[in-house]
Amino acid sequence: MKVSVIGCGYLGAVHAAAMAEVGHDVIGIDVDADKIARLAAGHPPFYEPGLAEILTSATATGRLRFSSEIADARGSQVHFIAVGTPQVQGGYAADLTYVNAAVDSLTPHLSEGDLVVGKSTVPVGTAAKLAERIQASGTGARLAWNPEFLREGFAVQDTVAPDRLVYGVANGEGDPAVAILNEIYAGAVAANTPVVVADYATAELVKVAANAFLATKISFINAMAEIAEVTGADVTKLADAIGYDTRIGRRFLNAGVGFGGGCLPKDIRAFTARAEELGRGESVAFLKEVDQINLRRRQRVIYLTVQALGGSVYGKKVAVLGLAFKPHSDDVRDSPALDVAVQLRGLGAEVVATDPQAIANARARHPQLGYTDDVSAALQGAHAVVLVTEWPEFSAIDPEWAATLVSVPVVVDARNRLDADAWRAAGWQYLGLGRP
Ligand code: UGA
């Protein structure tokens, strides 16, 4: 099928490349000409495993092109809206400026039978309003809402082989959009991927409910970590034990410095803002607790570091291992790791941070921090080591080797990924989160 993808950020660039990879004829469109030039040359503007490979292979087939002109969407039958919906400045709601601008600029180029497919995460009620706008344009185009569940770091795999497909449509199973979307996702549908056909509101809510649930699960275990800290219990064992109950499950029960990124934090805030607008603020008021538990974990990491250094980090070298909000990503949006590094620096520490992918993005936002791409340079002479992003290469550090580099063998394991016994045996003072 001929497909356009409007917005080529983390979501859109992966979606465009993946749609071409599965056989569609795709044009990716973004207002940022620099980003478009990089994508067209096969260079992703961000780090995502596997993306460079499919960009190159799909571009070589001629099925994937990029443009900064919205008029180039003309002639495509399906138009994905994949622009960002960040948190508004000075508030909690989602900023719909880019979604509205994308739809308004696309509308003059639509034809009878075209399908506009929203993938951006939006407050419930947005799709119905956009459908009215598209209908009022008199083009004969339709709208569907098809939320995206990809995880950064696994985005290519999640797009090509999703665990479920959700189609929000105006007229139920018989809506013409259902057949078009089934053709778009023919490979996944043939592989028996569950397809949920729903109305617009349900499809919009599925997305925010999923992220709210995941955020709640993480904050639940982090709340248990807070209790473990005053009782001497071990939250990692607790998570293992409750995780064996298949109704609970072990995934997303890793206690640590908490969640960040471009999705979970802003999505739970936008959800509370929207629920309040709808007069149902109390229904999701618990998400404010989820948010606060999450943010408290960052303070706990700072507190442990300060305490371990005798009450002050002023003038002390702190090696910060990790800057990205999670491993296999260069994304530092609302990153707990970067936040901890910045706060330690604000307390007077000489912070030297390292990360396999995220240094450039972190430096652009916080040039005042020290950076090195060499782990041993970060550790050299450090008075404390803080592990804040669980890259496998950090978890694999040999504690005996690391002990020969640092000035003071103190490690704060803010992701609970290190072998506490091995680090202690190598002479380290080991401090985890929610662990004795
Ligand atoms: C999240 C969702 O998992 C995706 O399903 C969704 O499509 C995406 O948001 C989105 O809305 O676009 P992502 O932001 O890539 O994906 O990251 P996650 O893997 O969910 O991790 C979020 C944060 O939670 C990270 O900072 C991670 O370190 C933290 N986390 C995760 C924990 O602290 N503990 C855990 O047990 C799991």
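Residues numbered from 1 in each chain as written. Predicted model: local features only at pLDDT ≥ 70, side-chain atom pairs only at ≥ 80, totals over all residues. Heavy atoms only, no water.

Comments concerning the overall build of the protein chain
Selection criterion: In DSSP terms, a helix is any run of H or I states spanning at least four residues, a strand is any run of E spanning at least two, and both are numbered starting from the N terminus. Within these notes, the globule rule equals 2.2 Å times the number of residues to the 0.38 power, and the radius of gyration is based on C-alpha atoms. Relative accessibility decides the category of a residue: with a 1.4 Å probe and only protein chains considered, values under 20% of the type maximum give buried, values over 50% give exposed, and everything between is partly exposed. A 1.4 Å probe and the Shrake-Rupley method give the accessible areas. Residues count as covered only by the protein chains that appear here. In this tally Asp and Glu are treated as negative and Lys and Arg as positive; neither His nor the chain ends contributes. Charge positions are represented by NZ for Lys, CZ for Arg, CG for Asp and CD for Glu.
What the protein chain contains, in helices and strands, is 18 helices and 14 strands. For a compact globule of 436 residues, the expected C-alpha radius of gyration is about 22 Å, and the protein chain comes in at 23 Å, within 12% of that figure. Looking at the protein chain as a whole, 53% of its 436 residues qualify as buried. Total accessible area on the protein chain stands at roughly 18100 Å², and carbon and sulfur atoms take up 54% of it. Seen as two clouds, the 38 positive and the 49 negative side-chain charges of the protein chain have centres 3 Å apart.

A look at the packing of helix α9 (residues 200–231) against helix α10 (residues 235–243)
Packed helices, taken two at a time, are described by the angle their axes make and the gap between the axes. Put simply, the test is: Convention adopted: a line fitted to C-alpha atoms gives each axis, helices being fitted over their contacting stretch, and angles between N-to-C directions are expressed from 0 to 180 degrees. An angle counts as roughly parallel when it lies under 35 degrees, as roughly antiparallel when it exceeds 145, as roughly perpendicular when it falls between 65 and 115, and as oblique in every other case. In this scheme the crossing of two helices becomes right-handed for a clockwise turn of the near helix relative to the far one and left-handed for an anticlockwise turn of less than a right angle. Whether two residues are in contact is decided by their heavy atoms: any pair within 4.5 Å suffices.
Between α9 and α10, the shortest axis-to-axis distance is 9 Å and the interhelical angle comes to 135°. Between α9 and α10, the angle falls in the class oblique. Considering how the two elements wind past one another, α9 and α10 form a crossing that is right-handed. Every residue of α10 that contacts α9 at Phe220, Ile221, Met224, Ala225 and Ala228 is listed here: Val235, Leu238, Ala239 and Ile242.

Remarks on the pairing of strand β14 (residues 429–432)
We count it as follows: Paired strands, as defined in this entry, are two strands with at least two bridges between them according to DSSP. Whether a crossover is right-handed depends on one test, that the path from the first strand over the helix to the second runs clockwise when the strands point away from the viewer.
Taken together, the four bridges between strand β13 (residues 410–413) and β14 define a ladder with parallel strand orientation. Bridge pairing in β14 links Val410 to Gln429. The parallel pair β13 and β14, bridged by helix α18 (residues 420–425), forms a crossover whose chirality is right-handed.

Looking at the domain arrangement of the protein chain
In plain terms, the rule: All the domain ranges listed were derived from an automatic or database domain assignment. A simple way to read buried area is as the amount of 1.4 Å-probe accessible surface that goes missing from two parts once joined, with both sides added. A side-chain nitrogen of Lys or Arg and a carboxyl oxygen of Asp or Glu constitute a salt bridge if their distance falls within 4 Å. Residue type decides the class: Asp, Glu, Lys and Arg count as charged, Ala, Val, Leu, Ile, Met, Phe, Trp, Tyr, Cys and Pro as nonpolar, and the leftover types, Gly among them, as polar.
Taken domain by domain, the protein chain consists of domain 1 (2–198) and domain 2 (295–432). Measuring from the centre of the C-alpha atoms in domain 1 to the corresponding centre in domain 2 gives 37 Å. In terms of surface lost to domain 2, no three residues of domain 1 exceed Tyr10, Tyr47 and Glu152, which account for 80% of the buried area on that side. If you look at where domain 1 meets domain 2, you find one salt bridge. With a shortest N-O distance of 3.2 Å, Glu152 and Arg333 are connected by a salt bridge. Class assignment of the residues belonging to the side of domain 1 that touches domain 2 gives a composition of four nonpolar, one polar and two charged.

Overview of the site of the ligand
Put simply, the rule reads: To be near a molecule or strand, a residue needs just one of its heavy atoms within 4 Å of it. Pairs of N or O atoms are called polar contacts if they sit within 3.5 Å, as long as, within protein, a hydrogen donor faces a hydrogen acceptor (for residues adjacent in sequence, only side-chain-to-side-chain pairs).
Close to the ligand lie 21 residues; Leu150, Glu152, Lys207, Asn211 and Phe325 are nearest. Contact between the ligand and Gly260: an oxygen atom at 3.1 Å from a main-chain N or O atom of the residue. Counting only elements with at least two residues in the shell around the ligand, the list comes to α9 and α11 (264–277). A total of four residues in the shell around the ligand trace back to one element, the largest contributor, which is α9. If you count residues domain by domain, the shell around the ligand takes at least three from each of domain 1 (2–198) and domain 2 (295–432).

Looking at the packing of α9 against α11
Look at α9 against α11: their axes get within 9 Å of each other, and the N-to-C directions meet at 115°. Crossing geometry of α9 relative to α11 is assigned as left-handed. Along its contact with α9, which presents Leu205, Lys207, Val208, Ala209, Asn211, Ala212, Ala215 and Ile218, the element α11 presents Leu264, Asp267, Ile268 and Phe271. Looking at the contact of α9 with α11 residue by residue, the classes come out as nine nonpolar, one polar and two charged.

Looking at the side chain of Thr354
Among the secondary structure elements, Thr354 is positioned in strand β10 (residues 350–354). A relative accessible area of 2% places Thr354 in the buried class. Engagement of the side chain of Thr354 in a polar contact is seen with the backbone oxygen of Thr372, the distance being 2.7 Å. Ignoring sequence-local partners within four residues, the contact set of Thr354 consists of Val320, Leu321, Gly322, Leu323, Ile359, Thr372, Asp373, Asp374, Val375, Ala378 and Phe394.

A look at the packing of aromatic side chains
Worth spelling out the cut-off: For Phe, Tyr and Trp, where Trp contributes only its six-membered ring, two rings pair if their centres lie within 6.5 Å, and the inter-plane angle classes them as stacked under 30 degrees, edge-to-face over 60, or tilted in between. Only when the NZ atom of a Lys or the CZ atom of an Arg is both within 6 Å of the ring centre and within 35 degrees of the ring normal do we say a charge sits over the ring.
Scanning the entire structure with this criterion turns up three aromatic pairs. Of note, Arg151 hangs over the ring of Phe154, and the distance from its end group to the ring centre comes to 4.4 Å. The ring centre of Phe149 lies 3.6 Å from the NZ or CZ of Arg164, which sits over that ring.

Some remarks on the side chain of Thr372
Looking at the element boundaries, Thr372 is found in the loop between β11 (370–371) and α15 (375–379). A distance of 3.0 Å separates the side chain of Thr372 from the backbone nitrogen of Asp374, its partner in a polar contact. The residues contacting Thr372, other than those within four sequence positions of it, are Val352, Ala353, Thr354, Asp355, Ile359, Ala377 and Ala378.

Description of the pairing of strand β7 (residues 165–168)
A two-sided burial pattern is seen for β7, the buried positions comprising Leu165 and Tyr167 on one face and Val166 and Gly168 on the other. Relative to strand β8 (residues 195–198), β7 runs parallel, the two being bridged by four bridges. Note that in β8 the partner of Tyr167 across the bridge is Val197.

Remarks on the pattern of salt bridges
With the rule as written, the count across this model stands at 25 salt bridges. Taking the shortest distance from any N to any O, the salt bridge between Arg133 and Asp104 comes out at 2.7 Å. Separated by 29 residues along the polypeptide, Arg133 in helix α5 (residues 126–136) and Asp104 in helix α4 (residues 97–106) bring together distant segments of the chain. The partly exposed category is assigned to Asp104, whose relative accessible area is 40%. The residue Glu390 makes a salt bridge to Arg417 at a minimum N-O spacing of 3.9 Å. Linking Glu390 in the loop between β12 (384–387) and α16 (392–395) with Arg417 in the loop between β13 and α18, this pair joins segments that are 27 residues apart in sequence. Given the relative accessible area of 17%, Glu390 is considered buried. Connected through salt bridges with shared partners, the residues Glu226, Glu229, Arg296, Arg297 and Arg300 form a single ionic network.

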